[in-house]
2 protein chains.
Amino acid sequence: MTGHVSDRASASRQRLANAASQAFAERGFHATTTRDIAAAAGMSPAAVYVHHSSKEELLHSISERGHAVILELIRAAIGASDDPREQVGAAIGAMSENHAQNHVVARVVNYELGALSPEHHEQILAMRQQITAELQAVVDRGVASGVFTTTQPRMAANALLSLAVDVARWYHEDGSWSPADVGAFNAEAALRIVGAQPTATP
Amino acid sequence: MTGHVSDRASASRQRLANAASQAFAERGFHATTTRDIAAAAGMSPAAVYVHHSSKEELLHSISERGHAVILELIRAAIGASDDPREQVGAAIGAMSENHAQNHVVARVVNYELGALSPEHHEQILAMRQQITAELQAVVDRGVASGVFTTTQPRMAANALLSLAVDVARWYHEDGSWSPADVGAFNAEAALRIVGAQPTATP
């Protein structure tokens, strides 16, 4: 019984998160009401409050989940190799593919940070800093070992994240590129930006 | 006298555009009221309507001006050389530097397209397509002449615009990079993405 109730609660939360992401992406957080979200999810406003104490709390749960997924993807990509070239390609490829696949959620996650409460904002910024730090460390290792020739590793790591994040803005399903195409292209573009060499330069 | 009146009207319009850009960038178009904009510009709501018939018309004038400036910058950069390498570097450098310098306006221009009326949206999309077409033509010329080695010129041109547009999202004055630093880095990153060669490949 408990299992069923909890499954149902989890399905409701997922339905709410999807409805909220769509509404926030279309009209922005501030212009979206709890009533709008409830209607889109086929629930009563009261039912929304069973799951989330406020609209901001709902945004925070979407943002936290989105950032956790990206951090996991990047750590998995980096953990799968010892070669900074494979690590950078896999990390930016996976993040770009994810942002294409989930572009509605990714838009909210990347462009509604200012709507979070100060405490939540701080927590999400810390997660973003972890994402940047993971990527920066790989770029720095590639520079140290001579497989990356960029002389501006901080701007390079920032540009790699730019390429991946901006997918959330421009990607549409009716374009001619699949999420996998975007991932593959950005993986290669990332390696070009850091100046990846086939072998370490002396 | 007419000159004075028109100067004053033009100064008011500029003050309104600045106040509106700031408000739209902070809270989003839909959650910003004409009253908010008037207050931020130190005007009465009635005075706002002297200059713009609606909040949407104000957004449109900001968007149109922003896109016109970028189209001009890109055309000037391309017109200043016959070498696709210099053209791509100058175009993406200028656009990136502009987006850093004017990141508040650039955020509104790039992320509030969905709030435009259908007619205005269509007009602005046509301007964006012109920007893309100018850049695409240079990338294609570089590929044709063998100075660019990318095998995916459409995705490459899209990635160059990504790098420049995303500056509007991440740039803050309190960072360690000036707008000129961002322009210079992105100009070089753009050339790496298209696979620019020191001389044409046979």
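Rules used throughout
Residues numbered from 1 in each chain as written. Chains lettered and ligands numbered in written order. Predicted model: local features only at pLDDT ≥ 70, side-chain atom pairs only at ≥ 80, totals over all residues. Helix = DSSP H or I, 4+ residues; strand = E, 2+ residues; numbered from the N terminus. Buried ≥ 20, exposed ≤ 12 C-beta atoms within 10 Å, placed from the backbone. Contact = placed C-beta atoms within 7 Å. Axes fitted to C-alpha atoms, helices over the stretch in contact; angles between N-to-C directions. Parallel < 35°, antiparallel > 145°, perpendicular 65-115°, else oblique. Left-handed = near helix turned anticlockwise from the far one by under 90°. Nonpolar A, V, L, I, M, F, W, Y, C, P; charged D, E, K, R; others polar. Least-squares fit on C-alpha atoms with pLDDT ≥ 70 in both. Core = buried A, V, L, I, M, F, W, Y, C linked by C-beta atoms within 7 Å. Expected span 1.5 Å × (residues − 1). Domains from an automatic or database assignment. pLDDT = per-residue confidence, 0-100.

A. Inspection of the overall build of chain A at higher detail. Assigned secondary structure in chain A consists of nine helices and zero strands. Start at the N end of chain A and walk to the C end: the helices and strands fall as α-α-α-α-α-α-α-α-α. If one aligns the C-alpha atoms of chain A with their principal axes, the spans along those axes are about 65 × 35 × 35 Å. For chain A, with 202 residues in total, the buried portion stands at 43%. For chain A, contacts bridging at least 24 residues in sequence account for 73% of all contacts bridging at least 6.

B. Summary view of the packing of helix α9 (residues 179–193) of chain A against helix α9 (residues 179–193) of chain B. One way to put it is that α9 of chain A packs onto α9 of chain B with a least axis distance of 8 Å and a crossing angle of 125 degrees. Taken together, α9 of chain A and α9 of chain B sit at an angle that is classed as oblique. The two elements α9 of chain A and α9 of chain B cross, and the hand of that crossing is right-handed. Along its contact with α9 of chain A, which presents Ala189, Arg192 and Ile193 of chain A, the element α9 of chain B presents Ala189, Arg192 and Ile193 of chain B. Classifying every residue of the contact of α9 of chain A with α9 of chain B gives four nonpolar, no polar and two charged.

C. Structural context of the relation of the copies chain A and chain B. Expressed as a screw operation, the relation of chain A to chain B combines 0.0 Å of axial shift with a rotation of 180 degrees, fitting to an RMSD of 0.0 Å. Viewed as a symmetry operation, the transformation between the two copies matches a two-fold axis. Relative to the rotation axis, the closest C-alpha in chain A is found at alanine 31 of chain A, a distance of 2.4 Å. When you check the interface residues of chain A against chain B, 100% turn up at the interface there too, and the contact is symmetric in its surfaces.

D. Region of interest: the interface of chain A and chain B. Contacts between chain A and chain B engage 22 residues on the former and 22 residues on the latter. Residue assignment for the side of chain A that touches chain B shows that the elements contributing at least two residues are α1 (2–27), α8 (153–170) and α9 of chain A. When residues in the side of chain A that touches chain B are grouped by element, the largest group, eight residues, is from α8 of chain A.

E. Summary view of the environment of serine 96 of chain B. All names here are of chain B. If you trace the backbone, serine 96 turns up in helix α5 (residues 84–101). Residue classification places serine 96 among the buried residues on the basis of 29 C-beta atoms within 10 Å. Sequence separation between serine 96 and alanine 180 is 84 residues, and the spatial gap between their C-alpha atoms is 8.6 Å.

F. How the structure looks around the packing of helix α4 (residues 55–79) of chain A against helix α5 (residues 84–101) of chain A. Residues and elements named next belong to chain A. Remark: α4 packs on α5, axes separated minimally by 8 Å, with the N-to-C direction vectors making an angle of 150 degrees. Classified by the angle their axes make, α4 and α5 are roughly antiparallel. The handedness of the crossing between α4 and α5 comes out as right-handed. Here Val69, Ile70, Leu73, Ile74, Ala77 and Ile78 of α4 come into contact with α5, specifically with Gln87, Ala90, Ala91, Ala94, Met95 and Asn98.

G. Molecular detail of the environment of aspartate 7 of chain A. Residue position: aspartate 7 of chain A is located in helix α1. Taking the C-alpha atoms as reference points, aspartate 7 of chain A and isoleucine 74 of chain A, separated by 67 residues in sequence, lie 29 Å from one another.

H. Region of the structure containing the nonpolar core. Ranked by internal contacts, the top residues of the largest apolar core, which has 115 residues, are Ala91, Leu160 and Ala190 of chain A together with Ala91, Leu160 and Ala190 of chain B. Among all residues touching alanine 190 of chain A, those that are not within four sequence positions of it are Val88, Gly89, Ile92, Leu160 and Leu163 of chain A.

I. Molecular detail of α8 of chain A. A rise of 1.5 Å per residue sets the reference length of α8 of chain A, with its 18 residues, at 26 Å; its end C-alpha atoms lie 26 Å apart and thus fit the reference within 8%. Counting buried positions along α8 of chain A gives 15 out of 18 residues, so the element sits mostly inside the fold.

J. How the structure looks around the domain arrangement of chain A. Residue and element names in this part refer to chain A. Here chain A is described as being made up of domain 1 (1–52) and domain 2 (60–193). Distance between the C-alpha centres of domain 1 and domain 2: 27 Å. With nine residues of domain 1 at the interface, the matching set in domain 2 holds eight residues. Split into classes, the residues belonging to the side of domain 1 that touches domain 2 amount to five nonpolar, four polar and no charged.

K. Representation of α4 of chain A in the model. For α4 of chain A, built from 25 residues, the straight-helix expectation of 36 Å at 1.5 Å per residue is met to within 8% by its first-to-last C-alpha distance of 36 Å. Three or more residues of α4 of chain A are buried, namely Lys55, Leu58, Leu59, His60, Ile62, Ser63, Gly66, His67, Ile70, Ile74, Ala77 and Ile78 of chain A.

L. Here's a closer look at the confidence of the model for chain A. For chain A, the average pLDDT comes to 93, and 96% of its residues sit at 70 or higher. Overall fold confidence for the complex sits at a pTM of 0.93, while the interface term, ipTM, reaches 0.92.

M. Just the environment of glutamate 72 of chain A, in detail. Residues and elements named next belong to chain A. Mapped onto the elements, glutamate 72 comes out in helix α4. Since 11 C-beta atoms lie within 10 Å of it, glutamate 72 is described here as exposed. When the C-alpha atoms of glutamate 72 and alanine 39 are compared, they prove to be 33 Å apart, with 33 residues separating the residues in sequence.

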